[in-house]
Amino acid sequence: MNLFRITADVAHAVAIVILLLKIWKSRSCEGISGRSQILFAITFFTRYLDLFTSFYSLYNTVMKILFLAGSIGTVYLMWVKFKATYDRNNDTFRIEFLVIPSFILALIINHEFMFMEVMWTFSIYLEAVAIMPQLFMLSRTGNAETITAHYLFALGSYRFLYIFNWIYRYYTESFFDPIAVVAGIVQTVLYADFFYLYIIRVIQTKRQFEMSA
């Protein structure tokens, strides 16, 4: 355990809380991709199957339950409770084009050809591209609410910080997981353009506030 991983996990948890609060307070899931949320739910379900078979630490268990509950809760709010506000017309990315290749790749490239290991690998590959329906939706609508932008920034920061976690572990523990590292870099690259636009937007908002003050 190191500071980079803890900070990354906190950023991830913050992203989930931001999203849930946004949906609950506004009673709307406008601007959020339900398809991306389904992919995240699949990701965490397949990754944390060991929750029922192994215990590593209290921290590990709590974070797994948090991420699982958060993703399932988000899917419930979007597809059941507030489904009338869900923008299906703009959320049209074909997620089977992400799920099937990720699963096939997990069958081919994994650390060990065992059920739990293949499921974990599948979750790593799928998480790397799970945000694509959300980014595709943003490209169609042309903009994002401020709170949605904060959610995406926090989510992207989580994965970006994990890169430093891997670097730290490589130099302190001689640990290197090529599957997780490559998938994480791919995921971070997908957020790169959004990061740039987010920072520009924050700077412009700050300038507008200073000028009006």
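Read on for an overview of the structure.

Analysis parameters
Residues numbered from 1 in each chain as written. Predicted model: local features only at pLDDT ≥ 70, side-chain atom pairs only at ≥ 80, totals over all residues. Heavy atoms only, no water. Phe/Tyr/Trp six-rings, centres within 6.5 Å; stacked < 30°, edge-to-face > 60°. Helix = DSSP H or I, 4+ residues; strand = E, 2+ residues; numbered from the N terminus. Buried < 20%, exposed > 50% of the residue type's maximum accessible area, 1.4 Å probe, protein only. Lys NZ or Arg CZ within 6 Å of the ring centre and 35° of its normal. 1 Å grid on protein atoms, 1.4 Å probe; cavity = no way out; pocket = protein on both sides within 12 Å on 5 of 7 lines; lining within 4 Å. Points joined across faces, edges and corners; volume = space filled by probe spheres on them. Nonpolar A, V, L, I, M, F, W, Y, C, P; charged D, E, K, R; others polar. Salt bridge = Lys/Arg side-chain N within 4 Å of Asp/Glu carboxyl O. Axes fitted to C-alpha atoms, helices over the stretch in contact; angles between N-to-C directions. Parallel < 35°, antiparallel > 145°, perpendicular 65-115°, else oblique. Left-handed = near helix turned anticlockwise from the far one by under 90°. Contact = heavy atoms within 4.5 Å.

**Quick notes on the packing of aromatic side chains**
Part 1 of the reasoning: In total, this model carries 13 aromatic pairs according to the counting rule given.
Part 2 of the reasoning: Look at phenylalanine 4 and phenylalanine 164: their rings are 5.8 Å apart centre to centre, the planes differ by 25°, and that puts the pair in the stacked class. In this pair, phenylalanine 4 is assigned in helix 1 (residues 3-26) and phenylalanine 164 in helix 7 (residues 146-173), connecting sequence segments 160 residues apart.
Part 3 of the reasoning: Residue classification places phenylalanine 4 among the partly exposed residues on the basis of a relative accessible area of 32%.
Part 4 of the reasoning: Between arginine 169 and the ring centre of phenylalanine 175, over which it is positioned, the NZ or CZ distance is 3.9 Å.

**Quick look at the layout of surface pockets**
Part 1 of the reasoning: Roughly 900 Å³ of internal volume is contained in the largest pocket.
Part 2 of the reasoning: Secondary structure elements with two or more residues in the lining of the largest pocket: helix 1, helix 2 (34-47), helix 3 (58-81), helix 5 (115-129), helix 7 and helix 8 (178-212).
Part 3 of the reasoning: Take the lining of the largest pocket: its biggest share by element is 6 residues, from helix 7.
Part 4 of the reasoning: Among the residues forming the lining of the largest pocket, the class breakdown is 17 nonpolar, 8 polar and 11 charged.

**Observations regarding the pattern of salt bridges**
Part 1 of the reasoning: Throughout the structure, instances matching the rule amount to 6 salt bridges.
Part 2 of the reasoning: Residues glutamate 127 and arginine 159 are paired through a salt bridge, measuring 3.0 Å at the closest nitrogen-oxygen approach. In this pair, glutamate 127 sits in helix 5 while arginine 159 sits in helix 7, placing the two residues 32 residues apart along the sequence. Just as glutamate 127 is buried, arginine 159 falls in that class too.
Part 3 of the reasoning: In the salt-bridge network here, residues are joined through shared partners; they are Arg47, Glu127 and Arg159.

**Thoughts on the packing of helix 4 (residues 96-108) against helix 5**
Part 1 of the reasoning: Orientation of helix 4 relative to helix 5, taken along the N-to-C sense of each, is 140°, at an axis distance of 8 Å. Overall, the two elements helix 4 and helix 5 adopt an arrangement that is oblique. Crossing handedness for the pair helix 4 and helix 5: right-handed. Residues Leu98, Val99, Ser102, Phe103, Leu105, Ala106 and Leu107 of helix 4 lie in contact with helix 5, whose contacting residues are Val118, Met119, Thr121, Phe122, Tyr125, Leu126 and Val129.

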